[in-house]
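Tertiary structure, described
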Amino acid sequence: MEQLWAPWRMEYIKRTDTPPSDCILCNKLDDADGLLVHKGERAYVMMNLYPYNNGHVMISPIHHISGFDELPVETQTEIMNLATTLMRFMRNEMNAEGFNMGANIGKAGGAGIDEHFHFHVVPRWNGDTNFMPVVGHTKVQVDGLKETCELLKKAF
Ligand SMILES: [Zn+2]
């Protein structure tokens, strides 16, 4: 039988057990910039350096893994529990009136850092519809981020 087509060559993304030293999210774990909110058993919470709103945090697995579906269920659960704790705190202590939560997975899904899963939690207030992107103004923002980081630590 004549073979009409060659099977597609799958391209595998190599994943190592040792996290790459240049992963921005892995590097957050040493808290050099003081923006680590909480480190749990399997996941951690950090301030987003490029927030869409005051209080914009990201929750990531401690392991350098890109897909939510690749995470053990215990890690998935911890991420959702952390999101729950944060949302309750933001609602009660920061008077958040709404939230955006979710994740962009893979380059095609719009992930800025596609090799390490991160789940966004963004508190919203009525009237904040400007949704200000502050890329390029991080120097000005860092003090504010640290202040919010200190506040959010009280959630845990
Ligand atoms: Zn990483």
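Anyway, here's the lowdown on the structure attached to this text. (Residues numbered from 1 in each chain as written. Predicted model: local features only at pLDDT ≥ 70, side-chain atom pairs only at ≥ 80, totals over all residues.)

Focus on the nonpolar core
Rule in force here: Structurally, a nonpolar core is described as a collection of buried Ala, Val, Leu, Ile, Met, Phe, Trp, Tyr and Cys residues joined by way of C-beta atoms within 7 Å. Buried residues are those with 20 or more other C-beta atoms within 10 Å of their own C-beta, exposed residues have 12 or fewer, and partly exposed residues lie in between; C-beta atoms are placed from the backbone. Put simply, DSSP marks the helices as runs of H or I at least four residues long and the strands as runs of E at least two long, and each gets a number from the N terminus on.
Counting 20 residues, the largest nonpolar core has V37, V45, M46, V57, I59 and L86 as its most contacted members. Counting residues per element, the ones that place at least two in this core are β2 (43-47), β3 (57-61), α2 (73-93), β5 (119-124) and α3 (138-153). For this core, the element with the most residues is β2, which contributes 5 residues.

Side note on the sheet that holds β3
Threshold: In this description, strands pair whenever DSSP reports at least two bridges between them. Fitting a line to C-alpha atoms yields each axis, with helices limited to the stretch in contact; the angle taken between N-to-C directions then spans 0 to 180 degrees.
Here 5 strands make up an open sheet; going across it, the order is β1-β2-β3-β5-β4 and the pairing antiparallel. Edge strands, defined here as strands with exactly one partner in the open sheet, are β1 (36-39) and β4 (98-102). Going from strand to strand, the sheet's axes swing by 15 degrees on average, the running direction of each strand aside. Of the pairings in the sheet, the one linking β3 to β5 comprises 3 bridges and is antiparallel in character. By the bridge assignment, I59 is partnered in β5 with F119.

Things to note about unusual backbone geometry
For D31, which is not glycine, the phi dihedral falls at a positive 55 degrees. Mapped onto the fold, D31 is located in the loop between α1 (24-28) and β1. Positive phi values are uncommon outside glycine, yet N95 reaches one of about 55 degrees. Note on placement: N95 falls in the loop between α2 and β4.

Quick notes on the environment of M101
Following the sequence through the fold, M101 ends up in strand β4. Note on M101: 15 C-beta atoms within 10 Å, which makes it partly exposed. Separated by 44 residues in the primary sequence, M101 and V57 have C-alpha atoms spaced 9.7 Å apart.

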